[in-house]
Amino acid sequence: MKMKTKSVFIILSILSAIGILAASFTFIQNVKLLLWDKSVTDILEVTEQGQHALDTFIDKDYDTLHLFAGELSGVDSTDTEAIQRILNVFDDETTSFFCVNLGTGKVYSDTFGDQIVNEARRQEFLEMEPNGIREPFYDGYTGVRSIGVYEQFNFADGTHGLVQKTRSVKSIRENFTLSFYNNTGFSYIINLDGEVLIRSLHKNSNRTIQNLFDMINMEGNNEELSSNVKEQLALKRSGASQFFYKGEDYIFTYVPMENGNNWYVVSIIPSQVVMKQANTIINQTMRLCIFIMICLAVLGYFYHQTSKKQKKEIEKLAFYDQLTGLYRYEKFLIDGADRLSGDTNNIAVFYIDIQGFKLLNDIEGYAYGDTVLKYMADVLRQISHSKDISCRISGDDFLLMVEYKNRDDIPKLCQEIIEQAEKGFDQERKFKVRIGICLLEEAKKTNINGLIDRAKMAQAGVKEDSGVSYQFYNKTMRETLLRDAQMEQNMIQALNNGEFIYMIQPKYSLDGKKILGGEALVRWQKPDGQFISPGEFIPLFERNGFIRQLDEYVFTKVCEDLHDRIQKKQKIVPISVNVSRVHLYWDNFADRYNAIKNKYQIPDQLIELELTESILLENTKEIFSILDQLKKYGFLCSIDDFGSGYSSLNTLKDLPVDIVKLDKVFFDQSEHQERKIVILKSMIDMAKQLYMKVVAEGIEEDEQLEMLKNTGCDMVQGFIYSKPCIIEDFYQHLEK
Ligand code: C2E
Ligand code: CA
Ligand code: CA
């Protein structure tokens, strides 16, 4: 991963982690709030239920009391017996009833019998509400803390009376569980002043507290809280609040009771207990979050791993050659450039190809060709060291970059490659390689492309039949290449500028007394007067195809000059022009030349077309038909450089040409002089029998001329008589 994408990835991860944390935090807050609300509602509900149950319980006391009063109102206040009987019916174990004759102050009771209350007490009774409930009090007779409901009534005789039903506070506690949430929360019954009237029996129900406001007024709570609560209580409203007591937070809820004089049921519970559930949910949420984050991290990790793997796959596709498993050219360029940026100069680049691979492919098939390429890749892998880089460029071209200690190691390495390749995988079909090498020392200041170009240049220069299959790049090669490039750049303009001219080399009779013809030879005359010989540019132009334009140009010029001389009725001889074999692949070559010949009204047999012997190697049928056509158009045709290549006497007999130009190799001095003369003579004899004229080329010495004596050779073209000369000079000689 690149630095930039890596840091973006890290930042994104951190941001998403923060995002998840923030979301969790908000979630937790929301859960807390919701659970808080729910808990408060729950507690309020518990409190309300308590209040309702208690009220119903007290209502029942009222009801029985009312029945009791009803029974009593049916008897006279003086009927003690009847009153006692009624008392017996109502009294039970947990409650006690009594009845007061408010006229006399006489009290009737099952528990403590009949007695008279004093006047103050009687007055007190008289002042009481028509009915109601009394706050807890200590029963004067039983000593039990009790509450009681009372009701005023009239006996049958109209005497005013009061009845009361009393029950112990304990019985209330026993009937109502004033604790909840597993005894962590407790309910209290308080009055408007906050005094605790009834509390749970449980030991945790905080016996020391007698007044709720004592709790609320403790440190840590603001005063507003208690006054607020007081206000709410006074308004007979139910509600909930929170307060701090002895280092802990508490929730408390209050609900007004219907019975009692401003009584309230209050429930108190530590917040912590209530939030326990919330905390469990929060903890689980946190765990879930952490789990999700871990999952994401794991996923991220695996994604990273697979994308790394994928990247490798892509790299493999992009950088490795499918067939051979070697690097591809692009990868070689990258790694090679990298290697060149190091500090060593001892680097060599090898450009390797397999000789005749195309032919091998054609003959043996592509599958076989592929096997050869794979074998070659194996050879390169075998001889490579860990630091070396190799690749297949395309087809059968390979590159190898090595770091060497000693320059002498390179030829050894070449030899090793050549031998390994020659050993081959198939004893029957061995193959040869050609290697061009460029050393970085020889081409300092160049880049990887420059090294490869130079190695290729050296490789292209390996002569197939020289016996040595490798060659080092040297500066001359580069100069040649540069010069070629320059010529290629200038050639078209040079042609338009008339920089190409032709010279004529005369063809003399054997004795040198008569000029019988001439050969037009092209020259490139630079604007500065310098001449470039055809040997330098013809091979290049043959390669890039420009030779067709140039040959046609020279031919046209020759026609133009001959036409001129004919018009002026000046002396003329047949002039030959060279025709590169490239023309033969040009469909209408014969027609084009004929058209030019006709344009300048050149008589037949005045122009000779020289075709090199090497065309005989090509598709002879086609060439013969072209030759036939040329002859039909009135051209003389000659075979040039005859004897320099592979042609034999036999080929000569089938050739439809008018003239044979014997190559100068025939006249080179060598050991087998006599044998050579025999061959030469029989060759000329044969040409004569076929009615061909014979020209001997490259004759420089008298001894060479001697060889031609008594052979019937028609003409001599050589320095012995004349070098190629400018057109004016040639015709001047001719006139003489
Ligand atoms: P070529 O057609 O065999 O032409 C004869 C070459 O031999 C000429 O070289 C000529 O100067 C040289 N020569 C003649 N007599 C002697 C001698 O006694 N001793 C030696 N050592 N050399 C002799 P040149 O003019 O340099 O041309 C070289 C080659 O360039 C020609 O060989 C021909 O193949 C090619 N060429 C020249 N002009 C043209 C052209 O217009 N078109 C084409 N396609 N090729 C041309
Ligand atoms: Ca020639
Ligand atoms: Ca020649």
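Report on the accompanying structure.

The rules behind these values
Residues numbered from 1 in each chain as written. Chains lettered and ligands numbered in written order. Predicted model: local features only at pLDDT ≥ 70, side-chain atom pairs only at ≥ 80, totals over all residues. Heavy atoms only, no water. Buried < 20%, exposed > 50% of the residue type's maximum accessible area, 1.4 Å probe, protein only. Helix = DSSP H or I, 4+ residues; strand = E, 2+ residues; numbered from the N terminus. Pairing = 2+ DSSP bridges. Right-handed = clockwise from strand over helix to strand, strands pointing away. Donors = N, O, S within 2.8 Å, 3.2 Å for Na, K, Ca; no water. Patch = residues over 30% accessible without salt bridge, like charges linked within 9 Å, V, L, I, M, F, W, Y side chains within 5 Å. Areas by Shrake-Rupley, 256 points an atom, 1.4 Å probe, with all protein chains shown as cover. Salt bridge = Lys/Arg side-chain N within 4 Å of Asp/Glu carboxyl O. Axes fitted to C-alpha atoms, helices over the stretch in contact; angles between N-to-C directions. Parallel < 35°, antiparallel > 145°, perpendicular 65-115°, else oblique. Left-handed = near helix turned anticlockwise from the far one by under 90°. Contact = heavy atoms within 4.5 Å. Nonpolar A, V, L, I, M, F, W, Y, C, P; charged D, E, K, R; others polar. Near = heavy atom within 4 Å. Polar contact = N/O pair within 3.5 Å; in protein donor to acceptor, adjacent residues only side chain to side chain.

A large share of strand S26 (residues 693–697) lies buried, amounting to four of its five residues. Both strand S25 (residues 659–662) and S26 contribute to a ladder of four bridges, which runs parallel. If you follow Leu 662 over to S26, its bridge partner there is Ala 696. For the handedness criterion, the β-α-β arrangement of S25, helix H19 (residues 673–689) and S26 is classed as right-handed. For S26 and strand S27 (residues 715–717), the ladder comprises three bridges, and the chain directions are parallel. The residue bridging Ala 696 from the neighbouring strand is Val 716, located in S27. A crossover links S26 with its parallel partner S27, the connecting element being helix H20 (residues 702–707), and its sense is right-handed.

Surrounding the calcium ion (ligand 3) are the protein donor atoms Asp 640 (OD), Asp 641 (OD), Glu 697 (OE) and Glu 697 (OE), which sit 2.3 to 2.4 Å from the metal. One chain supplies every donor to the calcium ion (ligand 3), and in sequence these donors are spaced D-D-x55-E. The metal-metal distance between the calcium ion (ligand 3) and the calcium ion (ligand 2) comes to 3.9 Å, with Asp 640 coordinating both.

There is a patch of nonpolar side chains on the surface, built from Val 8, Phe 9, Ile 10, Ile 11, Leu 12, Ile 14, Leu 15 and Ile 18 and spanning about 750 Å² of accessible area. For Leu 12, the position within the fold is in helix H1 (residues 3–72).

This part takes up the packing of helix H13 (residues 475–496) against helix H14 (residues 534–544). For the pair H13 and H14, interaxial distance at closest approach is 11 Å and the crossing angle is 70 degrees. With respect to H14, the element H13 is oriented roughly perpendicular. Seen from above, H13 lies across H14 with right-handed handedness. The residues of H14 that touch H13, namely those facing Arg 483, Asp 484, Met 487, Glu 488 and Met 491, are Glu 536, Phe 537, Leu 540, Phe 541, Arg 543 and Asn 544. For the contact of H13 with H14, the per-class residue count stands at five nonpolar, one polar and five charged.

What follows covers the sheet that holds strand S14 (residues 347–354). Strands sit in the order S13-S15-S16-S14-S17-S18 across an open sheet of six strands; the sheet is mixed. Sheet topology places strand S13 (327–328) and strand S18 (470–472) at the edges, where each strand pairs with a single neighbour. Across five bridges, the pairing between strand S15 (residues 389–394) and strand S16 (residues 397–403) is antiparallel. In the strand pairing of S16, Arg 392 is matched with Phe 398. Across the face of the sheet, helix H10 (residues 366–383) comes into contact with S14, S15, S16 and strand S17 (433–439) while running at roughly 0 degrees to S16.

The coordination sphere of the calcium ion (ligand 2) contains the protein donors Glu 519 (OE), Asn 578 (OD1), Glu 610 (OE) and Asp 640 (OD), at a distance range of 2.1 to 2.3 Å. Glu 519 sits in the buried class, given a relative accessible area of 3%. Among the residues examined, Glu 610 registers a relative accessible area of 1% and is labelled buried.

Here the focus is the site of ligand 1. The environment of ligand 1 is made up of 20 residues, and the closest members are Gln 505, Arg 523, Asp 551, Glu 700 and Phe 719. One of the side-chain N or O atoms of Asp 640 is found 3.0 Å from an oxygen atom in ligand 1. Between Asp 641 and ligand 1, the recorded distance is 3.3 Å, taken from a side-chain N or O atom to an oxygen atom. Contact with the protein chains hides 80% of the accessible area of ligand 1, taken as 790 Å² for the molecule alone. Those elements giving two or more residues to the shell around ligand 1 turn out to be strand S20 (515–525), H14, helix H15 (547–567) and strand S24 (636–642). In terms of residue count, the dominant contributor to the shell around ligand 1 is S20 (four residues).

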